[in-house]
Amino acid sequence: MFVHHGFTLVKYTPLYRVKKYTQQYQSSERLHFISANVYQFNKEYDRFIQLIEKYQPEMFLTMESNGDWEKAIRPLEKDYPYQHKVTLENTYGMHFYSKIEIKESKTHYFVADDIPSIEAHLKTKDGFSFVFFGVHPPPPSPTEEETSKERDGDLLSTAKRILEIKKPIIVVGDFNNVAWSKSSILFRKTSHLIDPRIGHSFVSTFHAKYRLLRFPIDLMFHSEDIFIQNLKTLENFGSDHLPVYCEFFIDHENEEQEERIDHATQEEKAEAEEMIEEGKEEDGNRDAVVTED
């Protein structure tokens, strides 16, 4: 058992060697984002605002952000004039803020009409276009969903959509799943994206209060022309999740990351389609408004 799990988990440590990439002159400027599950009932809005003001990312994504959160962080809008807001009170609200121009954006409801995903198309001042996906599928748990069908169906629907887009892509969010799980690996293979944790570290985010019982469920994946320079957690601001900070650049000419892409087999593709259908058929039966009690 130890050998089996050790072989799986060592890939998510610096002991597993992956090639390091240096930034070339033809690449974009370095960009930064913060992804944070804010915890809907967390009232420490000022601590989150101070976090954003401290690190000054070009983009940030909030999950579990409801009407109170949207109102509380409005002071940041002067520095982040481009936004895509999905304000919900069911712990699945999502807000995306950007200093970079959003050319177009849309909200997807892949498997349920109360579980959104954000797709935002952006273009930098130095002319690089890319797509930012924000996701937050529901977890299987005694208080949430009886099965993982909606979660897996939502993630694999996102993977299917990603294949239709011919631009650099970043997918970020609270996956409610670890990177080495079966459905996360199937997502990575189906979407043809790269997991930057491999050869780096776990970047564990939940639970924020328990260092020794903390798991990496806030994940990110990226296409081969996105190059990650730094990926880490930041300080707690009162949520049950630690925020994730990422520094990256875009390079269309460098093809060295192609070898890191795994492709799904025909059997795996069929399994993904089946999981999508099962996710759509699952009845989440969630309340439109969730209270802390």
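Residues numbered from 1 in each chain as written. Predicted model: local features only at pLDDT ≥ 70, side-chain atom pairs only at ≥ 80, totals over all residues. Heavy atoms only, no water.

## Here's the deal with the pattern of salt bridges
With the rule as written, the count across this model stands at 17 salt bridges. The salt bridge partner of Asp114 is Arg286, with a shortest N-O separation of 2.8 Å. In this pair, Asp114 is assigned in the loop between strand S5 (101-108) and strand S6 (117-123) and Arg286 in the segment after helix H6 (266-281), connecting sequence segments 172 residues apart. A salt bridge links Arg188 to Asp262; the nearest nitrogen and oxygen atoms lie 2.8 Å apart. Residue Arg188 is found in helix H5 (residues 182-191), and its partner Asp262 is found in the loop between strand S11 (244-250) and H6; the two are separated by 74 residues along the sequence. Taking the relative accessible area as the measure of exposure, Arg188 reaches 8% and is therefore buried. Here the salt bridges share partners, and the residues they tie into one network are Glu70, Arg74, Glu77 and Lys85. (Salt bridge = Lys/Arg side-chain N within 4 Å of Asp/Glu carboxyl O. Helix = DSSP H or I, 4+ residues; strand = E, 2+ residues; numbered from the N terminus. Buried < 20%, exposed > 50% of the residue type's maximum accessible area, 1.4 Å probe, protein only.)

## Section: the pairing of S6
Of all 7 residues in S6, 6 are buried, a share of seventy percent or more. The sheet contact formed by S5 and S6 spans 7 bridges and is antiparallel. By the bridge assignment, Glu101 is partnered in S6 with Lys123. Across 6 bridges, the pairing between S6 and strand S7 (residues 129-135) is antiparallel. The residue bridging Leu122 from the neighbouring strand is Phe130, located in S7. Hairpin connection between S6 and S7: a loop of 5 residues separates the two successive antiparallel strands, and Gly127 in this loop has a positive phi of roughly 90°. (Pairing = 2+ DSSP bridges.)

## Notes on the side chain of His241
Within the secondary structure, His241 sits in the loop between strand S10 (226-233) and S11. Residue classification places His241 among the buried positions, given a relative accessible area of 3%. In this structure the side chain of His241 is engaged in a polar contact, spanning 2.7 Å, whose partner is the side chain of Asp218. (Polar contact = N/O pair within 3.5 Å; in protein donor to acceptor, adjacent residues only side chain to side chain.)

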